[in-house]
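# Geometric and topological summary
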Amino acid sequence: MKKILITSLLAVIAMAVNAQKYALIDMEYVLKNIPAYERANEQLAQVSKKWQAEVEALNLEASTMYKNYQNEVVFLSQEQKKARQEAIMQKEKEASDLKKKYFGPEGELFKKRESLMSPIQEEIYNAVKDISELRGYSMVIDRASDNGIIFASPKIDISNEVLQKLGYSVQ
């Protein structure tokens, strides 16, 4: 009796698993075909380059101050040495603080990326959700980010359908 119950339970579970529908999406492909995403990436690269130049300028200034200090250290009094050392440390701290402000975990670059990418991601999510509800998919898996997928049938890839729903032409 116990074997029949377990076998029946396994059969029901197997049918339930088989009844679920899955689809794949290639997010790299989708994003590559959305011009707003490319523009946002370009904008982020430009602002990052600008901010990196500002940080490097402060680091260069601190480095120059240190080299000058080394060259003049024998001619300086204890008070002057201490003042120069503090000025150098202050400049290095300024550079470090600026780097953290721009590139830290909650820095300006993170906030800029969030403000530029969130609308695009939200639009994609809504398109995937609409298609999933329409077609009855229980799960949509990103094939671009999951290395665990060894094979997936192109028949269940909805990337082009998502792009079409977003109003972009498909290659």
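Placed above this text is the structure.
Notes on the structure follow. In this text, all values refer to a predicted model and were calculated from it rather than measured experimentally. (Residues numbered from 1 in each chain as written. Predicted model: local features only at pLDDT ≥ 70, side-chain atom pairs only at ≥ 80, totals over all residues. Heavy atoms only, no water.)

Before going further, it helps to spend a moment on the pattern of salt bridges. Applying the stated criterion across every chain, the model contains 8 salt bridges. Between Lys 93 and Asp 97 there is a salt bridge; the shortest N-O distance is 2.9 Å. Taken together, the residues span about one helical turn, with Lys 93 and Asp 97 both in helix 4 (residues 78-103) at a distance of 4 residues. For Lys 93, a relative accessible area of 46% puts it in the partly exposed group. Through salt bridges with shared partners, one network takes in Glu 61, Lys 91 and Glu 94. (Salt bridge = Lys/Arg side-chain N within 4 Å of Asp/Glu carboxyl O. Helix = DSSP H or I, 4+ residues; strand = E, 2+ residues; numbered from the N terminus. Buried < 20%, exposed > 50% of the residue type's maximum accessible area, 1.4 Å probe, protein only.)

Summarising the element assignment, Ser 138 is placed in strand 2 (residues 137-142). On the basis of relative accessibility, which here comes to 48%, the residue Ser 138 falls in the partly exposed class. In this structure, the C-alpha to C-alpha distance between Ser 138 and Ala 23, residues 115 residues apart in sequence, is 8.3 Å. Residues in contact with Ser 138, not counting those within four places in the same chain, are Gln 20 and Lys 21. (Contact = heavy atoms within 4.5 Å.)

Our focus in this paragraph is the nonpolar core. The nonpolar side chains of soluble globular proteins are, as a tendency, buried together. Counting 27 residues, the largest nonpolar core has Ile 25, Val 30, Ile 34, Ile 124, Ile 158, Val 162 and Leu 166 as its most contacted members. At 7 residues, helix 5 (residues 108-135) tops the list of elements feeding residues into this core. Once you skip the residues sitting within four places of it in the chain, Leu 166 turns out to touch Ile 34, Glu 123, Ile 124 and Ala 127. (Core = buried A, V, L, I, M, F, W, Y, C linked by side-chain atoms within 4.5 Å.)

Right, let's talk about the packing of helix 3 (residues 35-72) against helix 4 for a bit. Closest axis-to-axis distance for the helix 3/helix 4 pair is 9 Å, and the angle between their directions is 165°. The orientation of helix 3 with respect to helix 4, classified from their angle, is roughly antiparallel. For the crossing formed where helix 3 meets helix 4, the hand is left-handed. For the contact of helix 3 with helix 4, the class distribution of residues is 13 nonpolar, 5 polar and 9 charged. (Axes fitted to C-alpha atoms, helices over the stretch in contact; angles between N-to-C directions. Parallel < 35°, antiparallel > 145°, perpendicular 65-115°, else oblique. Left-handed = near helix turned anticlockwise from the far one by under 90°. Nonpolar A, V, L, I, M, F, W, Y, C, P; charged D, E, K, R; others polar.)

For the structure shown, the criterion picks out 2 aromatic pairs. Each ring, one from Trp 51 and one from Tyr 102, has its centre 4.5 Å from the other, and the planes form 5°; the classification is stacked. Of this pair, Trp 51 sits in helix 3 while Tyr 102 sits in helix 4, placing them 51 residues apart in sequence. Judged by relative accessible area, which is 10%, Trp 51 ranks as buried. (Phe/Tyr/Trp six-rings, centres within 6.5 Å; stacked < 30°, edge-to-face > 60°.)

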